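# Coordinates in review
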Amino acid sequence: MEELEVNHVDEIHQKLINMVGERIRVKANMGRTRVVERMGTIKTVHPSVFIVEVDERRGRKSRQSYQYVDVLTGTVELFDPESGEHIFVPLGSQLEE
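All of the points below concern the structure found in this document. Small disclaimer: the values here were computed from a predicted structure and weren't measured.

## A look at the overall build of the chain
- Across its full length, the chain holds three helices and seven strands.
- Listed by position from the N terminus, the elements making up the chain come as β-α-β-β-β-β-α-β-β-α.
- When the 97 residues of the chain are sorted by exposure, 34% land in the buried category.
- Carbon and sulfur atoms make up 45% of the accessible area of the chain, which amounts to about 6200 Å² in all.

Shown next as structure tokens:
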């Protein structure tokens, strides 16, 4: 997958619409030094959130929703599960370059 520099929520939304059904790795900063990493599949895309069905222990699945703004700011990072590369470059990383 190619890296996409992101500067608009609409760009994230459009890219994720095209990725429905694909597997991704999600790394979410939950605050207070708590970071959660999960593998899952993009299930649905809504106007302000997207839903990822994540693999839990013992073969269970759960659904997590994430906001596009969190992807934009880097609070939620999305990665290609095979290459490990960012799908979107967080806004803060673009400013440093």
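## Considerations on the pattern of salt bridges
- Per the counting criterion, the structure on display carries six salt bridges.
- Here Arg25 and Glu37 are joined by a salt bridge, their closest N and O atoms 2.5 Å apart. Of the two residues, Arg25 sits in strand S2 (residues 23–29) while Glu37 sits in strand S3 (residues 35–45), which places them 12 residues apart along the sequence.
- Arg25 gets classed as partly exposed once you look at its relative accessible area, which sits at 22%.
- In this structure, Glu56 engages Arg38 in a salt bridge whose closest nitrogen and oxygen atoms are separated by 3.8 Å. A residue pair is termed long-range when its members are at least 10 positions apart, and Glu56 in the loop between strand S4 (49–55) and strand S5 (61–67) and Arg38 in strand S3 qualify at 18 residues.
- Here the salt bridges share partners, and the residues they tie into one network are Arg23, Asp55 and Lys61.

## Regarding the nonpolar core
- Counting residues in hydrophobic clusters, the biggest one holds 18 residues, and the most contacted among them are Leu16, Ile24, Phe50 and Leu78.
- Every element with two or more residues in this core is listed here: helix H1 (9–18), S2, S4, helix H2 (68–73) and strand S6 (76–79).
- Leave out the neighbours within four places in its chain, and Leu16 touches Ile42, Val45, Phe50, Tyr68, Leu78 and Phe88.

What counts and how
Residue positions are counted from 1 within each chain, in the order its sequence is given. Since the coordinates come from a predicted model, pLDDT governs what is reported: local features require at least 70, and pairs of side-chain atoms require 80 or more to be given and counted, while whole-chain, interface and lining totals use all residues. In computing side-chain values, all of the structure's heavy atoms are included and hydrogens and water are not. Numbered from the N terminus, helices here are DSSP runs of H or I no shorter than four residues, and strands are runs of E no shorter than two. Relative accessibility under 20% of the residue-type maximum defines a buried residue, over 50% an exposed one, and the middle range a partly exposed one, all with a 1.4 Å probe and only protein chains included. Surface accessibility in these figures is a Shrake-Rupley result with a 1.4 Å probe; residues are shielded only by whichever protein chains are displayed. One side-chain nitrogen of Lys or Arg within 4 Å of one carboxyl oxygen of Asp or Glu is enough to make a salt bridge. Here, the term nonpolar core denotes a set of buried Ala, Val, Leu, Ile, Met, Phe, Trp, Tyr and Cys residues that are joined through side-chain atoms within 4.5 Å. In what follows, a contact means two residues having at least one pair of non-hydrogen atoms within 4.5 Å.

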